Amino acid sequence: MATGSIDKTSKLSGLSIVENLCITPLINAGGPNTKHSGSRPRPEAVKAMEAMSEVFVDMDELLLAAGKRIAELTGNQAATVTSGASGGLVVQAAAAMAKDDPELISRLPITNGIPNELIIQRGHRFIYDHLYLAPGSRFVEVGRSTECTLDEIKAAIGPNTAALIHLESPFVSGLGVPLTDLADLAHNHGLPVLADCASMLPPRENLTKFTKQGADLVSFSGGKAVRGPQSTGFLVGKPEWIDYARLNNAPNPGVTRAQKVSKEEIAGLLAALDAFTRIDEEAETKSYRAQMNFIVDQITEIPGLSAEVLHNYDHYIPHAVITFAENWKGPSYPEIATRLKAGSPRIFAAVDHRKTASSMWIDPLNLQDGEVEIVAEQLRNILVDASSGNW
Ligand SMILES: *Cc1c(COP(=O)(O)O)cnc(C)c1O
């Protein structure tokens, strides 16, 4: 068979698709990272996408109804669909500046003459925050990278302020002003709080936590642990702000037009969220923990490193976290991760990229039957080799 052509005699499978493209699949042991293809859509989501392809609808009606369903499923007052959590950030900023004014909505990213400043604490700057600037806004940065006071934010509020931003993400926990205080300040000035909480699920209680703390719009990913289509996300929040968000979002012809979400993806997200919110989180956690204990048991004796199962603010489900000590003789952990990814089978593991960091971890979210054993063995072999200088 010629390379690249479809072999019609063999059964279609994920493996057959990638092999036809001459690329090598990998075991995703590093969590729902976009470069490593996110998470596996739940079977319920895949079925709903296929079924939804059979009908046509009015997209505005679908988006309104889907938003209502997401609000019910998540326990919020209102919600709407976005293209990933990042698409949600663009929509948040557009909503803050143009609200429900059709003239302004169609004018963005031109923001002459309207409040276009988003106040962000320095410690909340992160790799995706430029999405907030896409509809023509600009940042006013306040505080230092490790702290910020309410007074500093207050002093930055002016006639051009459109919103205050809050980031909730692993490894920035506790930095800066508490969300409740930020929300009180914003609301006293008639401003909204825009929150990025993309990866904060599970725990499922977070679906309402940040709205209860006062955020007006909260962005979540649909393609991480919710396991909807990779390209989906959703906003939850106050009805008024969700309306503004929806009016500023695709399929309307505005600055967010490039972020359309198909009817199939919307149906997939709803089915995934429905399943996600029904799952017994305690049982799910127990199963992840057992898998991660298995990994830790395989590597815990290797000199120069410590391995433990962590499940906390920074680790949204139980992770097998490997920390390298001063007496670690082997190569750095990013090199270990590179070798794991170059192995056979290829394995993607998570590494902590912060400058002060010294750990890597295994995330069970995307592991399929039989893969935890493969990951444990390969990880052990590589770490034993690395620790003994056999590299
Ligand atoms: C993952 C993530 C995003 C992007 O989410 P997508 O759904 O992939 O668009 C944005 N912000 C934070 C903090 C994230 O963790």
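Before reading further, recall that the structure is shown in the block above.
Residues numbered from 1 in each chain as written. Predicted model: local features only at pLDDT ≥ 70, side-chain atom pairs only at ≥ 80, totals over all residues. Heavy atoms only, no water.

Draft legend 1. Region of the structure containing the pairing of strand β7 (residues 217–221). Of all the five residues making up β7, five are buried; the element is thus mostly covered by neighbouring parts of the structure. In β7, alternate side chains face the same way, and those of L217, S219 and S221 on one face and V218 and F220 on the other are all buried. Across three bridges, strand β6 (residues 193–196) lies against β7 in parallel orientation. Paired with D196 across the bridge in β7 is S219. The handedness of the β6 to β7 crossover, carried by helix α8 (residues 206–212), is right-handed. In this structure, β7 lies alongside strand β8 (residues 233–237), joined through five bridges in antiparallel fashion. What sits directly across from F220, in β8, is F234. (Buried < 20%, exposed > 50% of the residue type's maximum accessible area, 1.4 Å probe, protein only. Helix = DSSP H or I, 4+ residues; strand = E, 2+ residues; numbered from the N terminus. Pairing = 2+ DSSP bridges. Right-handed = clockwise from strand over helix to strand, strands pointing away.)

Draft legend 2. A look at the packing of aromatic side chains. Scanning all chains against the criterion turns up six aromatic pairs. Measuring from centroid to centroid gives 5.5 Å for F220 and F234, while their planes differ by 35°, and the two rings are tilted. On the criterion of sequence distance, the pair formed by F220 in strand β7 and F234 in strand β8 is long-range, its members being 14 residues apart. You'll find F220 and F234 in the same group, each marked buried. Above the plane of the ring of F276 lies R204, whose end atom (NZ or CZ) is 4.0 Å from the centre. Over the ring of F56 we find K263; its NZ or CZ atom is 5.0 Å from the centre of that ring. (Phe/Tyr/Trp six-rings, centres within 6.5 Å; stacked < 30°, edge-to-face > 60°. Lys NZ or Arg CZ within 6 Å of the ring centre and 35° of its normal.)

Draft legend 3. Structural detail: the pairing of strand β3 (residues 117–121). β3 sits mainly inside the fold: five of its five residues count as buried. Going residue by residue along β3, you find E117, I119 and Q121 tucked away on one face and L118 and I120 tucked away on the opposite face as well. Strand direction decides the pairing type here: β3 and strand β4 (residues 138–142), joined by five bridges, are parallel. Bridged to Q121 within β4 is V142. In this structure, β3 lies alongside strand β5 (residues 161–167), joined through three bridges in parallel fashion. When the sheet's bridge partners are listed, L118 is paired in β5 with A163.

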